[in-house]
Amino acid sequence: MSVFNGIISEYPGISVDNFTGQNLRSSIFFLSHCHLDHMNGFRSEAFARCLMSRDNARIYCSEFSHNLLTSRNKIFQVPEEVMLKIKVLRPNHPHDLSVPDHNDGKKGPYRICVTLLPAGHCPGSVMFVFDGHNGTVIYTGDFRIYEGTVQKLAGLPVAPKCLYLDTTFFTRQAPTIPSRDVSIRRISESITSHLKKYPNASIFFESETQLGYEAVFLELKRTFNQKMHVGRAKLALYQDVEDTTGAFTLDGSSTKFHACGRKKDSNECWEKRTSNNALTIKLCVLGYIKINADGGKCPTVRKVQPNRLKICFSMHSSYNELVEFIGFVQPDSIVPCVQPYKLSMAAAQQELNDLLMKQRKASQPPVTLPYLKRRYDGTESAPSWKAKPSHSDLHEVEDATCGGLFPHKEPLAVLNVPFKKTKPSQN
């Protein structure tokens, strides 16, 4: 869960993923995705008053997030005053924005270039790259980038002044986490095995968040030709996602698959759920991390009761994935935005500082004694250290989800879902 205070210290007057307290002094706001821990204060009266008191106040986000926030179904119940200020920024494209005076007239406005990059966390999730007079800053929001794929994320700068990082699993107790494609395959295998024993059994799904499991449901529809029964609120989330027509239903009697929530949401489904042959699958990751942290070896699929499974499914990067990402980006400093499992924020900051120091030392070639002698003799100039990767080293990966670019190489990447296009609002 994000504990980021919203302040990008390098650029006063802008705030990201926090809309309370001192952030109400900002004029330019950014939302990385529509998970509630990144929307603290977004629907408050105080934030609405803040926006309406400034003609030049704006909220910037991806197109998919914009569609959710301004949906006619009022999914997030965003006040009208807030909706009027939400603007779309096209991903993988630099946007030149003006940040208004942020210090009661003592300082004038300044300009900043903002680029949105796909974050691989959930539909509409993006990273923000800020570039201006005080250097380059990267804010990842929540993200998942697999090992060996960071080099393929076009537009990701190297050597930024600061990296604001999703540190959810920045702990040595979570070195690796199964990819989401592996998790999806294990889900399909578990269902196939159960239905061989009980062909008419109902399958129930539990998850920790609303957004982020769409690829699971779509793949199950393709594999088993069964729609997913959901409630009206969840169905409204998918209205702007193409290719989902026919994948979800409000009729619980027409399908074996259910993601319809708790007992009060559907008495009919609750009766099916309590039958002897029903299978419940909980998609989660923390239990997987806990068992590994205690010295055990947790499988991707864990049977916790006769007809109840927990299957590891993560929308956040593992420790090894984070280390590789940091090593590629090579920031001057890092700000952790999430308290890692069993690690304080202070300890996380120290670990990040130590990692940066270690990676910097590793990137410099050793200076041999013969070289030192020649150097002191004045017969040889100082060595040129290993060059950092340039933008020309990056390669584009085609994907319809986020402007044609996506960081994952796996064929079933969770965000590989096209979204309906709407005309973006003007900046």
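Remember, predicted model here, so these are calculated numbers, not experimental data. (Residues numbered from 1 in each chain as written. Predicted model: local features only at pLDDT ≥ 70, side-chain atom pairs only at ≥ 80, totals over all residues. Heavy atoms only, no water.)

Peer 1: Which parts of the structure should I look at to understand the overall build of the chain?
Peer 2: Counting secondary structure elements, the chain contains eleven helices and 17 strands. Taking all 427 residues of the chain together, the buried fraction comes to 51%. Total accessible area computed for the chain in this model is approximately 19,900 Å², and 49% of it derives from carbon and sulfur atoms. (Helix = DSSP H or I, 4+ residues; strand = E, 2+ residues; numbered from the N terminus. Buried < 20%, exposed > 50% of the residue type's maximum accessible area, 1.4 Å probe, protein only. Areas by Shrake-Rupley, 256 points an atom, 1.4 Å probe, with all protein chains shown as cover.)

Peer 1: Quick question: what am I supposed to make of the packing of helix α9 (residues 319-329) against helix α10 (residues 345-362) here?
Peer 2: How two helices pack is summed up by the angle between their axes together with the distance between the axes. α10 packs onto α9 with a crossing angle of 55° between their chain directions and a minimal axis gap of 10 Å. The orientation of α9 relative to α10 falls into the category oblique. The interaxial crossing formed by α9 with α10 has right-handed handedness. Contacts between α9 and α10 involve V323, I326 and G327 on the former and, on the latter, L352, L355, L356 and Q359. Here the contact of α9 with α10 is built from residues that sort into five nonpolar, two polar and no charged. (Axes fitted to C-alpha atoms, helices over the stretch in contact; angles between N-to-C directions. Parallel < 35°, antiparallel > 145°, perpendicular 65-115°, else oblique. Left-handed = near helix turned anticlockwise from the far one by under 90°. Contact = heavy atoms within 4.5 Å. Nonpolar A, V, L, I, M, F, W, Y, C, P; charged D, E, K, R; others polar.)

Peer 1: Help me understand helix α4 (residues 180-197) in this model?
Peer 2: Turn by turn, an α-helix covers 3.6 residues, leaving residues three or four places apart pointing in a common direction. The first and last C-alpha atoms of α4 sit 26 Å apart over 18 residues, in line with the 26 Å expected at 1.5 Å per residue. Turning to α4, the residues buried within the fold contact β10 (203-207), α5 (214-224), β13 (257-258), β14 (279-284), β15 (301-305) and β16 (308-312). (Expected span 1.5 Å × (residues − 1).)

Peer 1: Help me understand the side chain of D142, please; the structure alone is not making it clear to me.
Peer 2: Relative to the helices and strands, D142 resides in the loop between β8 (135-139) and β9 (162-165). Buried and without a salt bridge, D142 has R180 as its closest oppositely charged side chain, separated by 10 Å. Only 3.4 Å separates the side chain of D142 from the side chain of H33, close enough to count as a polar contact. Looking at D142, its side chain comes within polar contact range of the side chain of H38, at 2.9 Å. In this structure, D142 is in contact with H33, D37, H38, A119, H121, D166, H316 and V338, ignoring residues within four places of it in sequence. (Lys, Arg positive; Asp, Glu negative; His and termini not counted. Salt bridge = Lys/Arg side-chain N within 4 Å of Asp/Glu carboxyl O. Polar contact = N/O pair within 3.5 Å; in protein donor to acceptor, adjacent residues only side chain to side chain.)

Peer 1: I'm lost on the packing of α4 against α5 in this one. Help?
Peer 2: Here α4 crosses α5 at 45°, and the two axes come no closer than 10 Å. Between α4 and α5, the crossing angle belongs to the class labelled oblique. The hand of the α4/α5 crossing is right-handed. Judged by residue contacts, I184, I187, S188, I191, T192 and L195 of α4 engage A215, V216, E219, L220, T223 and F224 from α5. A breakdown of the residues in the contact of α4 with α5 according to their chemical character gives eight nonpolar, three polar and one charged.

Peer 1: Explain the pattern of salt bridges here, please?
Peer 2: Side chains that differ in sign of charge can pair as their charged atoms come close. Taken as a whole and judged by the stated rule, the model has seven salt bridges. Residue E45 pairs with R49 through a salt bridge whose shortest N-O separation is 3.9 Å. With E45 and R49 both in helix α1 (residues 45-52) and four residues apart, the pair spans about one turn of that helix. Between R308 and E206 there is a salt bridge, with its nearest N and O atoms 2.8 Å apart. With a gap of 102 residues between them, R308 in strand β16 and E206 in strand β10 connect regions that are remote in the sequence. Of the residues examined, E206 reaches a relative accessible area of 22% and is grouped as partly exposed.

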